[in-house]
Amino acid sequence: MRVLIVCSYKPQMPEGCVPFIREQVEALRTQGCECEYYHIKGKGLLGYLREISGLRKKISEWKPDVVHAHYGLSCLLANLATRRVPVVSTYHGSDINEPKVLPFSKLAIWLSAWNIFVSKRNVDIAQPKKHWSLIPCGVALSDEQLQSRTESRKALGWKLDEKKVLFAGALDNAVKDPELAKASVTLLNGVELIELKGYNRQQVNALMCASNCLLMTSRTEGSPQVIKEAMACGCPIVSVDVGDVAERTEGVNGCYVVPLREPEDIADALERAIAFEGKTNGREKILEYGLTNELVAKKIIKIYGDIIKQ
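Description of the structure in this document.

## Side note on the pattern of salt bridges
The final tally for this structure, using the stated rule, is 19 salt bridges. Salt-bridge contacts for K58 lead to E36; the nearest nitrogen and oxygen are separated by 2.8 Å. Taken as a pair, K58 in helix α3 (residues 52-62) and E36 in strand β2 (residues 34-40) lie far apart in primary sequence, 22 residues in all. Residue class for E36 comes out partly exposed when judged on its relative accessible area of 29%. Its salt-bridge partner being E162, residue K164 comes within 3.5 Å of it at the nearest N-O pair. Since its relative accessible area comes to 27%, E162 is described here as partly exposed. In this structure, a network of salt bridges that share partners links the residues E23, R201 and E229.

## Comments concerning the pairing of strand β8 (residues 191-195)
Looking along a regular strand, one sees side chains alternate from face to face of the sheet. Relative to β8, strand β7 (residues 163-167) runs parallel, the two sharing 5 bridges. Across the sheet, residue F167 finds its bridge partner in β8, namely E195. For the crossover from β7 across helix α9 (residues 178-186) to β8, the handedness is right-handed.

## Describing the side chain of T90
By the element assignment, T90 lies in strand β4 (residues 87-91). At 2.7 Å, the side chain of T90 and the side chain of H68 are in polar contact. In this structure T90 touches H68, A69, H70, Y71, C75, D95, I116 and V118, once residues within four positions along its chain are discounted.

## Quick look at the sheet that holds β4
Read across the sheet, 6 strands follow the order β2-β1-β3-β4-β5-β6 without closing on themselves; strand pairing throughout is parallel. The outermost strands of the open sheet, each flanked by one partner alone, are β2 and β6 (132-134). In this sheet, adjacent strand axes meet at a mean angle of 20° when their direction is disregarded. Of the pairings in the sheet, the one linking strand β5 (residues 114-117) to β6 comprises 3 bridges and is parallel in character. Counterpart to N115 in the pairing with β6 is W132. Sheet strands in contact with α3 are β1 (2-8), β2 and β3 (66-70), and its direction is about 165° off that of β2.

## Considerations on the state of the cysteines
Inspection of the entire model under this criterion finds 0 disulfides. The structure places no disulfide on C255, whose sulfur is separated from the nearest cysteine sulfur, that of C235, by 8.0 Å. Residue classification places C255 among the buried positions, given a relative accessible area of 14%.

## Considering the packing of aromatic side chains
In this description, a pair of aromatic rings is defined by centroid distance and the angle of the planes. Scanning the model with the defined rule gives 2 aromatic pairs in all. Measuring from centroid to centroid gives 5.2 Å for Y91 and F117, while their planes differ by 20°, and the two rings are stacked. Residue Y91 is located in strand β4, and its partner F117 is located in strand β5; the two are separated by 26 residues in the primary sequence. There is no split in this pair, since Y91 and F117 are both buried. When the centroid spacing of 6.3 Å and the interplanar angle of 75° are considered together, the rings of F117 and W132 count as edge-to-face. Residue F117 is located in strand β5, and its partner W132 is located in strand β6; the two are separated by 15 residues in the primary sequence. Since its relative accessible area comes to 33%, W132 is described here as partly exposed. Taken together, the ring pairs connect Y91, F117 and W132 into an aromatic cluster. Over the aromatic face of Y9 sits the side chain of K41, whose NZ or CZ is 5.0 Å from the ring centroid. Positioned above the aromatic ring of W158, the side-chain terminus of K164 is 4.9 Å from the ring centre.

What counts, and at which threshold
- Residues numbered from 1 in each chain as written.
- Predicted model: local features only at pLDDT ≥ 70, side-chain atom pairs only at ≥ 80, totals over all residues.
- Heavy atoms only, no water.
- Salt bridge = Lys/Arg side-chain N within 4 Å of Asp/Glu carboxyl O.
- Helix = DSSP H or I, 4+ residues; strand = E, 2+ residues; numbered from the N terminus.
- Buried < 20%, exposed > 50% of the residue type's maximum accessible area, 1.4 Å probe, protein only.
- Pairing = 2+ DSSP bridges.
- Right-handed = clockwise from strand over helix to strand, strands pointing away.
- Polar contact = N/O pair within 3.5 Å; in protein donor to acceptor, adjacent residues only side chain to side chain.
- Contact = heavy atoms within 4.5 Å.
- Axes fitted to C-alpha atoms, helices over the stretch in contact; angles between N-to-C directions.
- Disulfide = S-S within 2.5 Å.
- Phe/Tyr/Trp six-rings, centres within 6.5 Å; stacked < 30°, edge-to-face > 60°.
- Lys NZ or Arg CZ within 6 Å of the ring centre and 35° of its normal.

Written out as structure tokens, the structure is:
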């Protein structure tokens, strides 16, 4: 099965795309799919529309069985570029949550042969009438995620008694609301907030295994990968009620979802998470929910097969 992946170009990333798309493609390849990328280099709606002829040429030359596009504008582009090859569209959150982008995503939903949403909240907003599935992106499980806090801290040069809270993103990203995170941590004594920016997958795993907990204060999310990655590492989690975090962390010990965006409430939850000893059962829940890359790839391949038959 030949699958053309359509996504925005990220020159600083391996294979030119964000890690969770690349890792999903790697899992599809492992399951026997032949995958090729079409990278969108244009910016904004007009930039995307200018890519139509290039994408049409790629489809004509490579002759995929399925086009799989990621994010709303990419999904719309893929559908405008072809009607002869079925398009599977995946929406990751910002393309549904942002009012300016939602109309274009809704048009893509109507045009697509099949639509994949990563969170129930996004389904509720988009309100697709037919041809859709709820499939969060998967995560890779590895042995390095099993490292103890002590082992990881020694490798990073951290003291064992230091209190480290890993922020779920960059401190210069306003969508992640770093000011709320800083205000919450300031209420606690001797707690350091660590920025999660510029690390590779192995380094992220080490930080998650070494930290007392992960903190998410985002204003908007779809199905944040960082939460599932923290679960895979057994890292305690504190988060505001955003995206599908409450659903993903349900039944995971050492994890707390704070209903109100109040620093005092977040600080209280951080104290409880920091006091948690050992690994959470997040890794077991990843397996229980079928959220490994391999299991997610199998679900997507079944969708490919079904729409090709149609």
